[in-house]
Each structure stands twice: as C-alpha cells, then as structure tokens.
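# Understanding the architecture of this molecule
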Amino acid sequence: MNFGDKLGQSKMIARLQKSTVIISFLIGIMAAIIWKVNREASDSWYLVQYQSGQQQQQQHQTSEEILGPNSRMGISLDYNSPDSVGSKNMSADEIKRKIAFTSVFCVIISKSFKSSFAVKQTWSKNCDYIRFYGSLNDSSIPITHITRSNVLSFRDFCHVIFDLDQLMNDKPFDWILMTPDDTYVIVDNLRRLLAQFDANEPSYLGRPVRSYSILPYNAKNSGFVISNQAFKFVRQTVVDQKTCSSMNYPGIGSVDRRFEVALATILSKTNCTPIDTRDEFGRGRFLALNPSKHLSPSSYPALTPFWRNEIYHLSQGTSCCSPSAISLPDLIPHHIYLVHYLLNNVTVVNNRFQHMSKDSVS
C-alpha cells in the first residue's frame, strides 16, 4: 500500500468518526426533545385531571360506582358536623368518651430490624396491644417468625389470624391495625376516626386500591384496620390451618394468594368493602407514598402505578393530606424517629414574638 492509499484510508476513517459523533449528538438532542415532550404531557395531564374541580367530582362519581353504597365523600371528624359518621347516632361528648375506650391491637409486619425497633420505640407505645410478625426471628423486640420472605402471603396471614384468636381470650380488642414497619401511624387520629364506627359491625378501613383484583381492597403499605366483628368473620371462614393452603372456601370460592386481596375477597361476602377514609375536603388520611412525594408537586410522573391503581386520587402539594392524617408510609428508620419527635415534642407558638426594646421593658 503506497502513501496515497494510506492517506485516503486515514481520511475515510476520520470522516466516519466525525459522522459517528454527529449522529450521537443528534440522537442526544432527539432524546432530550422526547423527554421534554413527555414531561410536558405528564404535567398537562396532571393539571387537567387533578386540579380541576369538575374532574374531581367526576372521579368521585366513578369511585362510588366502584365501591358501591359504602362509598361516601370523606369523613368529617368535627363531631358537630352533619358529615360526621357518628353525629347521626351519638353526640360529640359521647364520641369523645368512646375514643378513650376504643382499643386498638397493632399488628406490625417486620421487614427490617431497625425499622421494627424504631416502631417499638415510638408510635406503637400508643397502641393498647402490639405484636410483631415477619421473616425475622428476634426475641429482643420480639418478632414472631411466620414467613421466610418479606412478602406476606395469605397462608402466612393465617398464622396471624390464629395467633390473634388465641390472644383475644386474654386481651379483648375493638379493632386490629395491620401495617408494615416502615409506616408511622398516628394512633390518636386513628382512634378519633374509629370512634365513629361500631366495632360490633364488620368494618374495613384504609386506602382503597384496585390493581391485582377486580374487587377493591385496602393497600397494605398504608396500613388498614378491621373491626372485631370483621375479624371474627375471617376467623370463621378460615376454619383451620389446613384450609389456609387450599385458598378455596365454601361460599367464597378461590382467593388470591396476596393476603390483602384475599382478605378483601372474604370480607366482601358480608358486604364489608373499603370506604372513603379521606376527610370532608378529599384530603388523604392513609397516605400512599412517602409524605415528601405527596407534598412536592410533580414529584412523580402521572403515568406511575399510583395514579392508575388509586380509587380515590389525592392532589399533590400541601392540599394532598388531611390535618387528621393517620398513616405516613415508606419511611426509613431515622425518619420514623424524626416524625415522632416533631409530633410529640415540638410546640408551635401561636403568638408572634413581639420585639421589645429595653426602654419598653423598663
């Protein structure tokens, strides 16, 4: 190969390299344009769907069709309000007295020792009774070992049912709260909500979703609550440990292996379905995500499973969450301690500090 051929080959290689750089640059620009278009479409979709009062009303009508007669536009905790559930049957003083005697058995699904320990040291002290279940086998908390994985099946849930059934003989309770150990629960607000319901009637409260089943069910990551009567019906349905593995019950049929879906399937036979636990302004009490994601506008795309699976959609920003919020999910252990400190130790001074000069003091 002579010098001229080598020179021509070098020029060809240089042109190819230059073309490759240009093509890569154009692909980068196209990707940026596509991302921007999708982002704008996502933001526009959110603005149209969730900042329009008319659309919110249409969404609520759809929710009523999904959940049936138990669906209602939120629950007021103002005891003198006509929207308050208890105000139809009890006076404000009667509801306040009922709060003091509402017993809650807290069932914590342990996924992490640090998270479970944080729950034990903080909000769980407000429960009347508490029990930890999970894949961990620890005697210091203690945690009752019922499964080998962090995903609780209905078969694992059966162990919880039978264990609680035995505990009821010594520790009678009105309500059962079930939640993972990365969720902070404000038990006082929960009691205030539960006081407006009768524990002797089947009730099932939480955050209604519909993703794995035709039936709506309450999402486990936000925590859910069932009444004593609802628990008794589940216990009667699950006769013994052997029936837990069959997943097929007389009068019920086949149930999903995800325990929260199976629970909703069984309770639906008593017309006990999830209800709207938002407040009277549509603000959430059982939150779906880490509070920071709810509070920060456009912190997650509009096409995420949250928007698709939720039956009652929450707004983004400060109007997302109720002042009487109950559960704050998806928290790491030191955030559990932080929330507990802010709720129980920080005092908000209502009157603004008035600067006073030395002369005015004297």
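Look up: the structure comes first, before these words.
Residues numbered from 1 in each chain as written. Predicted model: local features only at pLDDT ≥ 70, side-chain atom pairs only at ≥ 80, totals over all residues. Heavy atoms only, no water.

What follows concerns the state of the cysteines. Scanning the model with the defined rule gives two disulfides in all. Paired through a disulfide, Cys106 and Cys127 show a sulfur-sulfur distance of 1.9 Å. The sign of the -85° torsion about the S-S bond sets the Cys106-Cys127 disulfide as left-handed. Remark: Cys127 occurs in the loop between α4 (113–121) and β2 (129–134) and Cys106 occurs in strand β1 (residues 104–110); sequence separation between them is 21 residues. (Disulfide = S-S within 2.5 Å. Helix = DSSP H or I, 4+ residues; strand = E, 2+ residues; numbered from the N terminus.)

The buried count for β1 comes to seven of seven residues, which makes it a mostly enclosed element. A two-sided burial pattern is seen for β1, the buried positions comprising Val104, Cys106, Ile108 and Ser110 on one face and Phe105, Val107 and Ile109 on the other. Here β1 runs beside strand β4 (residues 175–180); their pairing, made up of six bridges, is parallel. Bridge assignment links Phe105 to a residue of β4, and that residue is Ile176. As paired elements, β1 and β2 share six bridges and run parallel to each other. Looking across to β2, one finds that Ile108 is bridged to Phe132. (Buried < 20%, exposed > 50% of the residue type's maximum accessible area, 1.4 Å probe, protein only. Pairing = 2+ DSSP bridges.)

Right, let's get into the pattern of salt bridges. By the definition in use, this model includes eight salt bridges. The shortest N-O distance in the salt bridge between Lys111 and Asp182 comes to 3.4 Å. Of this pair, Lys111 sits in the loop between β1 and α4 while Asp182 sits in the loop between β4 and β5 (184–185), placing them 71 residues apart in sequence. Lys111 gets classed as partly exposed once you look at its relative accessible area, which sits at 32%. Close ionic contact of Asp128 with Arg191 constitutes a salt bridge, the shortest N to O distance being 2.8 Å. Here Asp128 is found in the loop between α4 and β2, whereas its partner Arg191 is found in helix α6 (residues 187–194), with 63 residues between them in sequence. Judged by its relative accessible area of 38%, Asp128 falls in the partly exposed class. (Salt bridge = Lys/Arg side-chain N within 4 Å of Asp/Glu carboxyl O.)

Another aspect to go through is the nonpolar core. Val107, Leu164, Tyr204 and Ile226 are the most contacted members of the largest nonpolar core, which has 37 residues in total. Looking at this core, the elements that each hand over two or more residues are β1, α5 (154–167), β4, β9 (224–227), α7 (228–237) and α9 (259–267). Setting aside its immediate chain neighbours within four residues, Leu164 contacts Phe105, Val107, Tyr133, Phe173, Ile176 and Phe231. Ranked by size, the runner-up nonpolar core spans 34 residues in total, among them Cys127, Phe197, Leu314 and Ile326. (Core = buried A, V, L, I, M, F, W, Y, C linked by side-chain atoms within 4.5 Å. Contact = heavy atoms within 4.5 Å.)

With that out of the way, let us pick up the pairing of β9. Every second residue of β9 is oriented toward a common face, with Phe224 and Ile226 on one face and Val225 and Ser227 on the other, all of them buried. Pairing of β4 with β9, which is carried by four bridges, proceeds in the antiparallel orientation. Paired with Leu177 across the strands is Val225, a residue of β9. The pairing of strand β6 (residues 204–205) with β9 spans two bridges and is antiparallel. By the bridge assignment for β9, Tyr204 is matched with Ile226.

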